[in-house]
Amino acid sequence: MMAQISRMLLALMLSLFVGASTFILSPAAAFQLPPCQLINQTVSLEKEGCPSCHPVETTICSGHCITKDPVIKIPFSNVYQHVCTYRDLYYKTFELPDCPPGVDPIVTYPVALNCHCGRCAMDTSDCTFESLQPDFCMNDIPFYY
């Protein structure tokens, strides 16, 4: 009876240790979150003055980055949360159809070449907690006068 309890406790402790060490080494793997990587995404292009949106296929950065939140907060210290963002990108141009005369129909959008986990660059990335989806279109929202 004691031998069975000892074996059961040993197996329990071993599984807890292995499970904890797996979690410590790779928390994203433990929750099966995709790593920061390039993905294909449909985005909606629109421009003020043009009546409709146009979906295009592009590459964006998406995925999980390991972040840290210090237990002891030090006043006036900078703590940066890493996000999945562009390392290299270029801009592509597109001409929106159906724009009225006098409205420039040319829009540009970013195409990601590769990604990394780093500080969020507000000029190229949406750094908000809950952002709009890439294929969101303002023209789809009814406007009431």
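Calculation rules
Residues numbered from 1 in each chain as written. Predicted model: local features only at pLDDT ≥ 70, side-chain atom pairs only at ≥ 80, totals over all residues. Heavy atoms only, no water. Helix = DSSP H or I, 4+ residues; strand = E, 2+ residues; numbered from the N terminus. Buried < 20%, exposed > 50% of the residue type's maximum accessible area, 1.4 Å probe, protein only. Polar contact = N/O pair within 3.5 Å; in protein donor to acceptor, adjacent residues only side chain to side chain. Contact = heavy atoms within 4.5 Å. Salt bridge = Lys/Arg side-chain N within 4 Å of Asp/Glu carboxyl O. Disulfide = S-S within 2.5 Å. Core = buried A, V, L, I, M, F, W, Y, C linked by side-chain atoms within 4.5 Å.

(A) View of the side chain of T59. As for its placement among the helices and strands, T59 is situated in strand β2 (residues 54-62). What makes T59 buried here is its relative accessible area of 18%. At 2.6 Å, the side chain of T59 and the backbone oxygen of A112 are in polar contact. Dropping the residues within four chain positions of it, T59 is found in contact with L38, I39, N40, P110, V111 and A112.

(B) Expanded view of the pattern of salt bridges. Here the structure, examined in full by the defined rule, presents one salt bridge. For K47, the salt bridge is made with D104, and the minimal N-O distance between the two is 3.7 Å. Here D104 lies in the loop between β3 (83-95) and β4 (106-118) and K47 lies in the loop between β1 (37-45) and β2, a separation of 57 residues in the sequence. You can call K47 partly exposed: its relative accessible area is 27%. Overall, the relative accessible area of 45% leaves D104 in the partly exposed class.

(C) Region of interest: unusual backbone geometry. For D98, which is not a glycine, the phi torsion comes out positive at approximately 70°. With respect to the helices, strands and loops of the structure, D98 is situated in the loop between β3 and β4. Among the residues examined, D98 registers a relative accessible area of 58% and is labelled exposed.

(D) Region of the structure containing the environment of P35. Relative to the helices and strands, P35 is located in the loop between α2 (27-31) and β1. When the C-alpha positions of P35 and C117 are compared, they lie 9.4 Å apart, and in sequence the two are 82 residues distant. With residues near it in sequence (within four places) discarded, P35 still touches S62, G63 and H64.

(E) Looking closely at the state of the cysteines. For the structure shown, the criterion picks out four disulfides. Disulfide pairing is shown between C36 and C84; the S-S distance is 2.1 Å. One disulfide, between C36 and C84, carries an S-S torsion of 80° and so falls in the right-handed class. Within this pair, whereas C36 is found in the loop between α2 and β1, its partner C84 is found in strand β3, the two being separated by 48 residues in sequence. Across the pair, exposure class does not vary: C36 and C84 are buried alike. Note on cysteine connectivity: C65 is disulfide-linked to C117, with sulfurs 2.1 Å apart. Here the S-S torsion is close to -85°, and the disulfide linking C65 with C117 is therefore left-handed. Remark: C117 occurs in strand β4 and C65 occurs in the loop between β2 and β3; sequence separation between them is 52 residues. Exposure remark for C65: the relative accessible area of 7% places this residue in the buried category. Overall, the relative accessible area of 35% leaves C117 in the partly exposed class.

(F) Quick look at the nonpolar core. In terms of nonpolar packing, the biggest core is built from nine residues, these being V43, L45, C50, V56, L96, C99, V107, Y109 and V111. Among the elements of the structure, β1 and β4 are those that each provide at least two residues to this core. No other element matches β4, which puts three residues into this core. Sequence-distant contacts of V111, defined by excluding residues within four places in its chain, comprise T58, T59, D88, L89, Y90 and K92. If you look at the next biggest cluster of nonpolar residues, it comprises eight residues, including C36, I60, A112 and C115.

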